[in-house]
Amino acid sequence: MTELEVRDLFGYNLKRIRKLRNVSQMQLADKVDMHFTFINAIENGKKWVSPESIAKFTEALEIEAYQFFLPKDYKLEDSPDIVSFAKDLSENFQLIKSRYGLR
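**Student:** Got a minute to help me understand the overall build of the protein chain in this structure?
**Tutor:** Helices and strands together make up the secondary structure of the protein chain, namely five helices and zero strands. Order of helices (α) and strands (β) in the protein chain, N terminus to C terminus: α-α-α-α-α. Within the span of the protein chain, comprising 103 residues, buried residues form 32% of the whole. Sequence separation of 24 or more characterises 58% of the internal contacts of the protein chain that already satisfy a separation of 6 or more. Working note: accessible area of the protein chain is about 7,200 Å², and carbon and sulfur atoms make up 54% of it.

As structure tokens, then:
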């Protein structure tokens with residue numbers, strides 16, 4: 001995969017996730033302290049982002065960073081968030097253990 005393909009994939013997924021979260025470019029720009037035209041340029045594969053910016057996007061959109069690099073044909077819309085599912089499962093397991101005095 002070339003650098004341009006990675007940039008395009010990131011932008012594609014940023015836009016896809018942003019829309020799934022019903023967040024406009026302006027709203028996202030406010031959340032991550034960037035200009036909306038920069039968000040647009042990222043989504044169109046014209047600009048690249050720093051690791052710090054990726055971290056801001058993950059926090060603002062409440063996702064994990066790997067989701068920006070999923071293949072375009074990955075059905076993000078139809079798939080459960082495996083990270084949230086695993087976290088919930090772990091928390092429930094800990095609750096059950098403590099309730100029944102298990103180690």
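**Student:** What is the right way to read the pattern of salt bridges from this model?
**Tutor:** Side chains carrying opposite charge are able to pair once their charged atoms draw close together. Scanning the model with the defined rule gives three salt bridges in all. Between Glu3 and Arg7 there is a salt bridge, with the nearest N and O atoms lying 3.2 Å from each other. With Glu3 and Arg7 both in helix α1 (residues 3-20) and four residues apart, this pair spans about one turn of that helix. Of the charged contacts, one joins Asp8 and Lys72 as a salt bridge, the two residues approaching to 2.6 Å between their closest N and O atoms. Highlighted residues: Asp8 in helix α1 and Lys72 in the loop between α4 (51-61) and α5 (82-99), separated in sequence by 64 residues. Using a relative accessible area of 39% as the deciding quantity, one classes Lys72 as partly exposed.

**Student:** Would you take a moment to explain the side chain of Glu43 for this structure?
**Tutor:** Relative to the helices and strands, Glu43 is located in helix α3 (residues 36-43). For Glu43, a relative accessible area of 7% gives the class buried. Here Glu43 is in contact with Gly11, Tyr12, Leu14, Lys15, Arg18 and Gln25, once residues within four sequence places are set aside.

Calculation notes
- Residues numbered from 1 in each chain as written.
- Predicted model: local features only at pLDDT ≥ 70, side-chain atom pairs only at ≥ 80, totals over all residues.
- Heavy atoms only, no water.
- Helix = DSSP H or I, 4+ residues; strand = E, 2+ residues; numbered from the N terminus.
- Buried < 20%, exposed > 50% of the residue type's maximum accessible area, 1.4 Å probe, protein only.
- Contact = heavy atoms within 4.5 Å.
- Areas by Shrake-Rupley, 256 points an atom, 1.4 Å probe, with all protein chains shown as cover.
- Salt bridge = Lys/Arg side-chain N within 4 Å of Asp/Glu carboxyl O.

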